[in-house]
Amino acid sequence: MVWLLVALITFILQMVAVLLLEFRNPSKAVAWLFILFCLPFIGFVLYFFVAQDYQKRLKIRKRGSRLFQEIRAHLWDRAAVVRRKGDMNNPGFHHNDRLFNLLNHLSESPITGCNQSRVLTDGEETYEAMLNAMEEAKDHIHVEFYIFRHDRIGTKFQDVMIRKAQEGVKVRLVCDGLGSYKLKKTFIQRFKESGVEFYFFLPAMVSMFSRRINYRNHRKIVVVDGTIGFLGGINVGDDYLGEYPNMGYWRDTHLEVKGDAVYFLQNVFLHDWKLASGERIADFGLFPEHQCTGEEQVQILSSGPDLNWNAIQEMCFGAISVAKERIWITTPYFIPDEGIYEALKTAAVSGVDVRIIIPDHADSRLVKMASLSYVEELLAAGVKFYEYEKGFIHAKVLIVDELLGSVGTANMDMRSFFCNFELTAVLFDRLPIERLVSDFKEDLQHSRLIDAEAFRQRGRWQKAAEIMCRMLSPLL
């Protein structure tokens, strides 16, 4: 009888601890309380090692103090920074103080006005562009991926990087410690022995015992000679070429950018390099002058536990809130926070054309069930959901009116917004937005519209499973 009383008191204390530590985030508190209820004591052990707590967030931020503070004046002086809404190429911003002011104050990375971008819509096109750029490198190659596999395309990347390193090009590579944990030691050793500097970002075991495993670097960056950069949804692996039979065709969106925006993409990499390697690089030579051949305006937004602002979530919320005609979203994981959820619902009820493409065949059953739990109410509000059937859609794209389009690494989910290190390029010019619109319309041709009435008729067990997964959604 005594041990039962002790167990009960311990269980209550654990629940109180979670409530006190997560009071800033009620949805996350509910998720962890649900885990504690289902897995008494074990759940608290998981919470101790996995949960993001506020004090850890402060420590990460302190350790990750941005190199940008040292080179900020240099970059802002060199780049064509857009400081007034009247200087925007897009006339939609000339009478949109609210969104312009938000974007102008969100991030340490400003809107830059001397760029040229190219939207890439699958792995084959993206890898060809990246490898060609790397082959032309003269000074340095900076590479950062969440997932880097030791398969056919991974070996091809390795061969090019090693050859360039042996030619005297400085090659630095960062991989996430959890996303790339399957990399073979022999594969990594070949990098290091050939002159490529390689580091894991928060290795899995180290981050587990230091209680930082919840901080994953989900960014995908390639910067060559400080003049050309790549970012988007594609990692390095044969699955992104559609060569995994269980996933089939892999539809993704990546972005190539030349111009001033590369300065700020480079700065994000150097910041991550410092966190991964401990090396502090403040070399102005990594930000060379370039000939301005384009007039596109681009903003590079980064977010993560090292920053004061959840810049990508704020951008999405702000853009959705001012939409008048359309909000088109492509995302493999749809688990919106309360703000985004209400903004989408309000927009749809107000008559805005809200369309969201999600995968029919998902790579995570748990996440798919959690995503579906948000669908019914949004369908009732007028949001149109489509399930992509050609294969697996992994693109992360947002299109709002003719104001902006975004391509990046962040899914439309709470993990991307509040836990991961993420990166997004915001595009403001007509041509890149039209390309994203064209791709979206093409994806619709391979997608099935979810019928609201049929969706409401799904079975009780299906609904129950969705409810259970939704309880965990802040952690997925």
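What counts as what
- Residues numbered from 1 in each chain as written.
- Predicted model: local features only at pLDDT ≥ 70, side-chain atom pairs only at ≥ 80, totals over all residues.
- Heavy atoms only, no water.
- Helix = DSSP H or I, 4+ residues; strand = E, 2+ residues; numbered from the N terminus.
- Buried < 20%, exposed > 50% of the residue type's maximum accessible area, 1.4 Å probe, protein only.
- Contact = heavy atoms within 4.5 Å.
- Areas by Shrake-Rupley, 256 points an atom, 1.4 Å probe, with all protein chains shown as cover.
- Salt bridge = Lys/Arg side-chain N within 4 Å of Asp/Glu carboxyl O.
- Axes fitted to C-alpha atoms, helices over the stretch in contact; angles between N-to-C directions.
- Parallel < 35°, antiparallel > 145°, perpendicular 65-115°, else oblique.
- Left-handed = near helix turned anticlockwise from the far one by under 90°.
- pLDDT = per-residue confidence, 0-100.

**Student:** For this particular structure, what's the right way to read the overall build of the chain?
**Tutor:** When helices and strands are tallied, the chain shows 19 helices and 19 strands. Residue burial in the chain is summarised as follows: out of 476 residues, 59% are buried. Taking the contacts inside the chain whose residues are at least 6 apart along the sequence as the reference set, 81% of them involve residues at least 24 apart. About 20300 Å² of surface is accessible on the chain, with carbon and sulfur atoms providing 56% of the total.

**Student:** For this particular structure, what's the right way to read the pattern of salt bridges?
**Tutor:** Side chains bearing opposite charge may pair, as long as their charged atoms lie close to each other. Under the criterion given, the structure shown has 21 salt bridges. In this structure, Glu256 engages Arg118 in a salt bridge whose closest nitrogen and oxygen atoms are separated by 3.0 Å. Pair noted here: Glu256 is in strand S8 (residues 254-259) and Arg118 is in strand S1 (residues 111-120), with a separation of 138 residues, a long-range link. Salt bridges sharing partners connect three or more residues here, namely Asp360, Glu387, Glu389 and Arg448.

**Student:** How should I be thinking about the packing of helix H12 (residues 311-322) against helix H13 (residues 338-349) in this particular structure?
**Tutor:** Between two packed helices, both the angle of their axes relative to each other and the distance between the axes serve to describe the pair. At their nearest, the axes of H12 and H13 sit 9 Å apart, and the two run at 15° to each other. With respect to H13, the element H12 is oriented roughly parallel. The two elements H12 and H13 cross, and the hand of that crossing is left-handed. Across the interface between the two elements, Gln313, Cys316, Phe317, Ile320 and Ser321 of H12 pack against Gly339, Ile340, Ala343 and Leu344 of H13.

**Student:** In this structure, what is going on with the confidence of the model for the chain? I would like to understand it.
**Tutor:** Caution applies to low-pLDDT parts of the model: their predicted coordinates are not meant to be read in detail. The predicted model of the chain averages 83 in pLDDT, with 78% of residues at 70 or higher. Confidence drops under pLDDT 50 across residues 205-212; counting only partners more than four residues distant or on other chains, this segment forms 15 contacts.

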